[in-house]
Amino acid sequence: MPPRDGLVGVLDAIRAGEGVTQPRLVQRLGLGRTVVAQRVAQLEAAGLVVQDGVAPSSGGRAPRLLRLRADAGLVAGADIGATGMAVGLADASGRVLAQAHEAANVADGPDAVLGRVEELVAQLLDGLAGAPPLWGIGVGVPGPVEYATSRPVAPPIMPGWDGYPIRERLSGRFAVPVWVDNDVNVLALGELRTNPAAAEAGDLLYLKIGTGIGAGLVSGGRVHRGVNGCAGDIGHVAVAEADSVICRCGNVGCLEAVAGGAALARDGRRLAESGGSPVMADILAATGELTAADVTTAAERGDPAARAMLGRAGRLVGGTLATLVSFYNPGLVVLGGGVVHAGDHVLAAIRESVYRRSLPLATRTLRIERSVMGEAAGLAGAVHLALDALFAPGRLARWLPVGSPAGRPELAADTESLPA
């Protein structure tokens, strides 16, 4: 059980359901009836929990149904990708109330990108008349992040972002605590909080194949970040087939350098220009560029070269994933990112490699599925990054007595208990 005499445990149990009774909380949490009643009363007094009807009676007085008061506060989420961003506002339950999506180039630097995030958050807040106060902000970025400080560390595709104080900038603008994480961890969290199959699995691995490649690990319902926050960075695992290819991180032989979306676009263009793929050559001639999505389009038109490229990428990713499956033994692997959602060629090759090369016991009940959330998982994860942190042990008890975390950006620096 969490500390603080079960306060967080009671709130988590109420947040997890559509309605729960005090007797059910006693059974689920193993706490005494008096303790549960006191904690519920404390949460009700703070405006976080409300009564919402009654449950069927099993004899005697019908028990009250309790639920989270979703309109108690707002959180903002920002999912910043290599070529686009999604910004939204959600209530205390994580339900997104307003959102905006637009193209963005992370290589433009933090001033331009975060300046636009600030503008969008302010516009969305202005559009919600009579909205409750903003409580916190969660941000996902496409590069390694030191979670304790919320600062990117040598991100390969984010020039100008190394060590940038994202938390300090946004908390200074909005006077709320801010949390920042790697985009794949945020995607994994979004899937965990919104996909019932992911929540049921508890131990899952989220694999993103987009411009780059990365993995988010969830163990026992909690995101596993490692000591410094870079757990799951499989895009820079060395593979023998790439021993002569220079990766954008500066190393040679990285998985991402031969199987990521940027690698597919690079190799596809080379084939188009050399005459190895008439279909991709036509696409290049018509548009002046060639993307990973174009490679998939060519494969769907029956182009042998494009199909061979996607099959090879899937096998390489699947081989690395098979090692993780045997090592980590997840119940569910969720595949996301533009390369996976563009077609079935990569997905099929990944599945074949994993089931063929992993230990039989590790794959006995393993499911490998495409993300049900798609790109929406990023925004959902950013929102829940903030909510989970605000409701974590050590933080909830610090702001609950004053009724709101607004105006207390220092809450984000409290690392006594990291969010799930």
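Residues numbered from 1 in each chain as written. Predicted model: local features only at pLDDT ≥ 70, side-chain atom pairs only at ≥ 80, totals over all residues. Heavy atoms only, no water.

## Description of the overall build of the protein chain
Each helix and strand counted, the protein chain has 17 helices and 14 strands in total. Its C-alpha radius of gyration of 23 Å places the protein chain within 12% of the 22 Å reference for a compact globule of 420 residues. Principal-axis analysis of the C-alpha atoms places the extent of the protein chain at approximately 80 × 50 × 35 Å. Within the protein chain, residue pairs in contact and separated by at least 24 positions form 62% of the contacts whose partners lie at least 6 positions apart. Computed over 37 positive and 41 negative side-chain charges, the separation of the two mean positions in the protein chain equals 7 Å. (Helix = DSSP H or I, 4+ residues; strand = E, 2+ residues; numbered from the N terminus. Rg over C-alpha atoms; globule rule 2.2 N^0.38 Å. Contact = heavy atoms within 4.5 Å. Lys, Arg positive; Asp, Glu negative; His and termini not counted. Charge placed at Lys NZ, Arg CZ, Asp CG, Glu CD.)

## Thoughts on the nonpolar core
The nonpolar side chains of soluble globular proteins are, as a tendency, buried together. Membership of the largest hydrophobic core comes to 53 residues, with the highest contact counts inside it found for L25, L48, W135, L396 and W399. Considering every element that reaches this core, the biggest residue donor is helix 16 (residues 376–390), with nine residues. Ignoring sequence-local partners within four residues, the contact set of L25 consists of V10, A13, I14, V20, G30, V36, V40 and L66. Counting 42 residues, the second-largest nonpolar core is a separate cluster that includes L205, A272, V317 and A362. (Core = buried A, V, L, I, M, F, W, Y, C linked by side-chain atoms within 4.5 Å. Buried < 20%, exposed > 50% of the residue type's maximum accessible area, 1.4 Å probe, protein only.)

## Looking at the sheet that holds strand 6 (residues 134–141)
Taken in spatial order, the five strands of this open sheet run 5-4-3-6-9, and their pairing is mixed. Edge positions in the sheet fall to strand 5 (96–103) and strand 9 (178–182), since each has one partner strand and no second. Taken pair by pair, the neighbouring strands of this sheet meet at an average axis angle of 15°, ignoring direction. Bridging between strand 3 (residues 74–80) and strand 6 involves six bridges; their strand directions are parallel. Bridged to D79 within strand 6 is G140. Contacts from helix 5 (residues 166–174) reach strand 6 and strand 9 within the one sheet, and its direction differs from that of strand 9 by about 145°. Docked against the sheet, helix 16 engages strand 3, strand 4 (84–91), strand 5, strand 6 and strand 9, running at close to 135° with respect to strand 3. (Pairing = 2+ DSSP bridges. Axes fitted to C-alpha atoms, helices over the stretch in contact; angles between N-to-C directions.)

## Remarks on helix 5
Within helix 5, the full set of buried residues consists of I166, R167, L170, S171 and F174. What you see down the axis of helix 5 is that its buried residues fit within an arc of 110°, all on one side. Against the buried residues of helix 5 lie helix 4 (110–127), strand 6, strand 8 (151–152) and strand 9. Backbone geometry just after helix 5 places A175 at a positive phi near 60°. (Arc of directions from axis to C-beta.)

## A look at the state of the cysteines
Tallied over the full model, the rule gives zero disulfides. Lacking any disulfide linkage, C230 is separated from the closest cysteine sulfur, that of C249, by 13 Å. Summary of cysteine pairing: C254 is not part of a disulfide, and the nearest cysteine sulfur, belonging to C249, is at 3.7 Å. (Disulfide = S-S within 2.5 Å.)

## As for helix 10 (residues 278–287)
The complete set of buried residues in helix 10 reads V279, M280, I283 and L284. Seen along its axis, helix 10 keeps its buried residues to an arc of 135°; they face one direction. Every exposed residue of helix 10 that faces more than 90 degrees away from the buried side is listed here: P278, D282, A285 and A286. At the exit of helix 10 stands G288, carrying a positive phi of roughly 85°.

## Looking at the packing of helix 6 (residues 183–194) against helix 16
At a closest axis distance of 7 Å, the pairing of helix 6 and helix 16 adopts a crossing angle of 85°. Between helix 6 and helix 16, the interaxial angle falls into the category roughly perpendicular. Every residue of helix 16 that contacts helix 6 at V186, L187, L189, G190, E191, R193 and T194 is listed here: A377, G378, A380, G381, A382, H384, L385 and D388. (Parallel < 35°, antiparallel > 145°, perpendicular 65-115°, else oblique.)

## What to know about the side chain of H384
With respect to the helices, strands and loops of the structure, H384 is situated in helix 16. The residues touching H384, leaving out its near neighbours within four places in the chain, are S93, G94, L189 and R193.

## Section: the environment of A62
With respect to the helices, strands and loops of the structure, A62 is situated in the loop between strand 1 (49–54) and strand 2 (64–68). Taking relative accessible area as the criterion, A62 reaches 28% and is therefore assigned partly exposed.

## A look at the packing of aromatic side chains
Inspection of every chain in the model, using the stated rule, returns four aromatic pairs. With a centroid separation of 6.3 Å and an interplanar angle of 35°, the aromatic rings of F391 and W399 are classed as tilted. Each member of the pair, F391 as well as W399, is classed as buried. Here the basic side chain of R173 rests over the ring of F174, its NZ or CZ set 4.6 Å away from the ring centre. The ring of Y147 is capped by R225, whose NZ or CZ atom sits 4.1 Å from the centre of that ring. (Phe/Tyr/Trp six-rings, centres within 6.5 Å; stacked < 30°, edge-to-face > 60°. Lys NZ or Arg CZ within 6 Å of the ring centre and 35° of its normal.)

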